[in-house]
Amino acid sequence: MGIIVAKFGGTSVGNGERIKKAAQSVVNEYMKGKKMVVVVSAINKTTDEFLKIVDTAMGKSITDKQLAEVVSMGEMTSVRIFSSTIESLGVKSEYVDPYADAWPVITDNNFLSAKINFEVTEEKSSKIKEMVDEGIIPVVCGYLGKNESGNITTLGRGGSDITAFLLGHCLKAEEVIIVTDVDGVMSTDPNKLLSAKKLDKISVEEMRDLATHGAQVLHPHALKYKDPKIDAKIIGYEKGDLSTPGTEIMGPSNNELIKCATINSEPISVIAVVGEEILTKSGILSKITDTLAKHKINIYGISTGQNSITVFVNKSDSDRAHEVLHEVVVTTDDLSSLSLGREIAMITVASQDFIDTPGVIAEITEPLQKSKINIVEISSSQTSVVLFVDWDDGNKAYELVKGVLK
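Residues numbered from 1 in each chain as written. Predicted model: local features only at pLDDT ≥ 70, side-chain atom pairs only at ≥ 80, totals over all residues. Heavy atoms only, no water.

Chemist: Where do I start with the packing of aromatic side chains in this structure?
Modeler: When we look at a pair of aromatic rings, we describe it by the centre distance and by the angle of the planes. Going through the model one piece at a time under the given rule, you end up with three aromatic pairs. Relative to Phe82, the ring of Phe8 lies with its centre 5.3 Å away and its plane at 40°, an arrangement referred to as tilted. Pair noted here: Phe8 is in strand β1 (residues 3-8) and Phe82 is in helix α3 (residues 64-88), with a separation of 74 residues, a long-range link. Ring geometry for Phe312 and Phe388: centres 4.1 Å apart, planes at 10°, overall stacked. Linking Phe312 in strand β15 (residues 308-314) with Phe388 in strand β18 (residues 384-390), this pair joins segments that are 76 residues apart in sequence. The buried category is assigned to Phe388, whose relative accessible area is 2%. (Phe/Tyr/Trp six-rings, centres within 6.5 Å; stacked < 30°, edge-to-face > 60°. Helix = DSSP H or I, 4+ residues; strand = E, 2+ residues; numbered from the N terminus. Buried < 20%, exposed > 50% of the residue type's maximum accessible area, 1.4 Å probe, protein only.)

Chemist: Could you clarify how one ought to interpret the UniProt feature "domain: ACT" (unreviewed entry) in the chain in this entry?
Modeler: UniProt feature "domain: ACT" (unreviewed entry): in the numbering of this structure it lies at residues 273-342 and 349-406. Segment residues 273-342 splits into 39% helix and 31% strand. End C-alpha atoms: 15 Å apart. (UniProt positions renumbered as here; feature names shortened; annotations may be inferred.)

Chemist: Just to check I follow, could you spell out the pattern of salt bridges for this structure?
Modeler: Between side chains of opposite charge, pairing is possible as soon as their charged atoms come close. Overall, the coordinates contain 16 salt bridges when judged by the stated rule. Linking Glu29 and Lys32 is a salt bridge whose minimum nitrogen-to-oxygen distance equals 3.0 Å. Owing to a relative accessible area of 4%, Glu29 belongs among the buried residues under this scheme. When the shortest N-O distance is used, the salt bridge between Lys370 and Glu366 registers 3.4 Å. Residue Lys370 and its partner Glu366 are both found in helix α10 (residues 360-370); the two are separated by four residues, about one turn of the helix. Overall, Lys370 belongs to the exposed group, its relative accessible area being 64%. (Salt bridge = Lys/Arg side-chain N within 4 Å of Asp/Glu carboxyl O.)

Chemist: Could you clarify how one ought to interpret unusual backbone geometry in this entry?
Modeler: Peptide bonds are mostly trans, and most non-glycine residues show a negative phi. For the peptide bond that leads from Gly251 to Pro252, omega is 10°, which places it in the cis range. Tracing the chain through its elements places Pro252 in the loop between β11 (247-250) and β12 (259-263). The phi dihedral of Glu277 falls on the positive side, at around 50°, and the residue is not glycine. By secondary structure assignment, the location of Glu277 is in the loop between β13 (268-274) and α8 (284-294). When its relative accessible area of 41% is taken as the criterion, Glu277 is described as partly exposed.

Take a look at the structure:
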């Protein structure tokens with residue numbers, strides 16, 4: 001029987017009744033023969049209260065090291081209460097905080113937004129595995145780390161999700177379950193649209209992009225450690241049942257922990273549509289995209305300028321796209337002309353690290369500049385960068401970009 005890592009967020013352990021319900025849900029799975037590891041956040045709003053007290057008492061005079069120690073108290077309290085509650089239900093449990101010999105998460109010296117030393121953490125996680133094999137349910141502090149000197153560090157707000165997926169990866173868990181205050185991932189924020197619906201499934205890639213653009217369900221960095229072989233889901237705490245369906249997180253689609261470069265196998269063509277100050281004219285962009293969609297022509301990218309809109313389509317569709325867009329141009333007063341450009345290659349670079357890596361675009365484009373490879377167009381999101389270069393330069397550019405990710 002494989003290991004299940006269950007992470008309980010602050011709302012899920014927000015009071016005594018919720019803690020008991022959460023502990024009972026863990027014990028219920030344990031009694032079915034499952035091996036359980038629990039990751040717990042600070043009790044709801046505890047960390048915020050600590051921060052208010054510190055701000056009033058010390059203001060900006062507190063050091064990062066001191067602040068990390070203060071905010072760690074929320075998680076260290078939670079694990080003690082949660083572990084004791086499990087034992088009150090008749091099952092052996094031990095809490096694991098950064099002062100314990102079995103503590104697994106080792107980081108660098110950045111006290112408030114530490115980076116994990118994965119190799120050492122993987123090695124240290126063997127002690128958690130030993131506890132599980134002995135029939136003990138470890139309850140581990142989420143969000144916290146420890147540097148090589150033994151000082152407490154933190155992984156940044158929401159870091160308990162990171163802890164859960166990290167341990168799941170290191171322990172080769174069967175499943176990671178994120179227990180939160182919603183029943184799963186919604187189609188949009190239900191506080192803004194009542195028509196929001198729960199999703200049964202979502203891919204790692206979709207979840208990553210959703211999280212990096214503001215969704216509060218899951219910390220985006222946690223998905224670095226989502227192994228394709230490990231099941232994962234997000235469920236609500238109210239039912240008190242870890243087997244309840246929520247939203248299943250599928251993938252990732254490769255084994256590179258969401259860090260990869262790809263090149264489109266076929267050349268891309270550029271079509272530029274021009275018109276005076278067309279960005280100020282409503283409906284122009286939709287006319288272009290709707291026309292291409294009507295003719296089932298896929299768009300690989302769009303860029304806009306004050307007087308132009310450029311679309312990138314597959315070369316095999318380019319002549320047809322040119323023809324149908326010409327009809328749009330000649331029947332629209334605000335457009336004057338269009339052109340069909342050369343063949344280009346599309347290279348996509350994706351990494352979760354891009355979210356908080358200043359200068360990442362410069363780092364990716366610098367080797368191309370040194371090799372005198374012209375970039376026709378570039379677009380980016382928080383986790384990916386897309387480069388368009390001349391087709392003849394495509395493979396060389398691809399190899400250079402891959403080198404940046406190593």
